[in-house]
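Breakdown of the fold
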Amino acid sequence: MNLRSTLLSLFLPSLMSLALLPFMASAQQSATPDYDYLPPEEIAKITLGESEQAVLVRPWQGRHEYGAAVILGDLGEDADPEGLLAFLRRELTPKGWATLSIGAPQGAAQPNHITDAGEISKPGEQQLSQKSHQSLPKYSQEDWATLREQQKTAVSQTLGQLDSLGSNYPGKRILIVTGQSAGLVIEMLAAATLPSPDLLVVINPYLEQDAENRDLPRKLAKLELPVLDIQSPDALPTSLATQKARKALSPMGEPLRYEQQGLALNLDQPSAWQEVLTLIQGFAQRILRAYP
């Protein structure tokens with residue numbers, strides 16, 4: 001046995017056993033972000049279980065008062081993530097939409113592959129049954145189901161407590177969601193476990209598991225509400241993989257039910273943020289005219 005194979009026999013069994021543990025993140029934010037850079041009047045609090053969560057509220061500005069936009073970032077993001085969502089949180093208010101921004105549940109934690117010296121097996125013990133071309137397993141299906149339910153419960157409980165904060169801003173409701181949070185919201189709306197907004201905006205939607213991601217276009221097409229589907233070229237491959245299917249399965253001949261827009265620029269470009277704002281504003285105006 002050469003040195004390389006000896007090292008593999010020593011370390012990989014322990015790594016494999018660690019990878020099989022359910023390293024699951026809490027569905028709630030693990031720490032309360034500090035928003036002391038914001039005016040105190042923008043920061044409201046809601047209670048989730050035994051913890052508090054911040055909701056960032058910006059009122060209407062200008063003469064238009066259409067309603068409120070609820071903004072939910074990708075899993076693990078706080079209520080004011082840098083980039084597009086922070087831009088929308090501020091720039092939608094002059095367009096007649098108060099904004100209520102909330103932190104998203106945590107995503108799945110990555111397995112910790114650090115092995116204590118006492119856990120390293122001796123040569124010849126616990127040889128790998130995993131084939132060389134197979135990747136190490138991370139989560140069981142039961143682990144994923146549990147994590148998904150935790151995340152969905154957190155989203156449902158958080159959105160359910162925004163009614164009182166949004167009561168100062170009557171009118172239409174826009175729900176803007178990105179990444180895996182968008183995938184979760186699509187699943188929840190399709191299963192009727194989340195109240196429908198007047199308009200749903202999904203940005204680069206996806207879900208991490210292959211099976212659930214493949215089923216996302218069908219669930220999105222099932223929604224009976226106006227949907228603006230925005231895709232950027234720098235989205236994860238998991239999101240780009242379903243872009244064509246999301247459009248192909250959308251309701252035909254119903255432009256107010258579904259619209260997909262592809263961005264020319266990556267979402268790290270401020271000019272792309274402005275394009276997203278214009279798309280949301282335009283689609284919302286069409287919905288307001290059709291359903292006053």
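Thresholds applied
Residues numbered from 1 in each chain as written. Predicted model: local features only at pLDDT ≥ 70, side-chain atom pairs only at ≥ 80, totals over all residues. Heavy atoms only, no water. pLDDT = per-residue confidence, 0-100. Contact = heavy atoms within 4.5 Å. Pairing = 2+ DSSP bridges. Helix = DSSP H or I, 4+ residues; strand = E, 2+ residues; numbered from the N terminus. Axes fitted to C-alpha atoms, helices over the stretch in contact; angles between N-to-C directions. Parallel < 35°, antiparallel > 145°, perpendicular 65-115°, else oblique. Left-handed = near helix turned anticlockwise from the far one by under 90°. Nonpolar A, V, L, I, M, F, W, Y, C, P; charged D, E, K, R; others polar. Core = buried A, V, L, I, M, F, W, Y, C linked by side-chain atoms within 4.5 Å. Buried < 20%, exposed > 50% of the residue type's maximum accessible area, 1.4 Å probe, protein only.

Low-pLDDT stretches of the model should not have their predicted coordinates read in fine detail. Averaged over every residue, the pLDDT of the protein is 83; the share at 70 or more is 78%. Predicted confidence for residues 1–30 stays below pLDDT 50, and this span has 70 contacts to residues more than four positions away or in other chains. Across residues 111–137, where pLDDT falls below 50, the model places 37 contacts with residues more than four positions away in sequence or in other chains.

Now for the sheet that holds strand E4 (residues 97–102). Within a sheet, neighbouring strands are paired by backbone hydrogen bonds and run either parallel or antiparallel to one another. As summarised here, the arrangement of the eight strands in space is E1-E2-E4-E3-E5-E6-E7-E8, forming an open sheet in which the pairing is mixed. The sheet is open, and its two edges are formed by strand E1 (43–48) and strand E8 (258–262), each paired on a single side. Neighbour-to-neighbour, the strand axes of the sheet open up by a mean angle of 20°, direction not taken into account. Judged from the four bridges that link them, strand E6 (residues 199–203) and strand E7 (residues 227–231) form a sheet pairing that is parallel. Across the sheet, Leu 200 pairs through a bridge with Val 227, a residue of E7. Across the sheet, helix H10 (residues 270–290) lies against E4, strand E5 (172–178), E6, E7 and E8, angled at about 165° from E7, the strand it touches most.

Before going further, it helps to examine the packing of helix H2 (residues 84–91) against H10. What describes two packed helices is the angle between their axes and the distance between those same axes. Running from N to C, H2 and H10 cross one another at 50°; their axes reach a closest spacing of 10 Å. The orientation of H2 relative to H10 falls into the category oblique. Note on packing geometry: the crossing formed by H2 with H10 is right-handed. Contacts between H2 and H10 pair Leu 84, Phe 87, Leu 88 and Glu 91 from the former with Trp 273, Gln 274, Val 276, Leu 277 and Ile 280 from the latter. Class assignment of the residues belonging to the contact of H2 with H10 gives a composition of seven nonpolar, one polar and one charged.

Another point: the nonpolar core. The biggest cluster of nonpolar side chains holds 37 residues, and the ones touching the most others in it are Val 185 and Leu 200. In terms of residue count, the dominant contributor to this core is helix H5 (residues 179–190) (seven residues). Judged by nonpolar contacts, the second largest core, of 27 residues, contains Leu 92, Leu 199, Ala 272 and Val 276.

What follows concerns the pairing of strand E2 (residues 51–58). Extensive coverage of E2 is indicated by the burial of six of its eight residues. Judged from the six bridges that link them, E1 and E2 form a sheet pairing that is antiparallel. Each bridged residue has a counterpart across the sheet, and for Ile 43 the counterpart in E2 is Leu 56. Remark: two residues form the turn of the hairpin made by E1 and E2, two consecutive strands paired antiparallel; Gly 49 in that turn has positive phi of roughly 65°. Pairing analysis gives four bridges linking E2 to E4, with the strands arranged antiparallel. For Val 57, the partnering residue across the bridge sits in E4 and is Leu 100.

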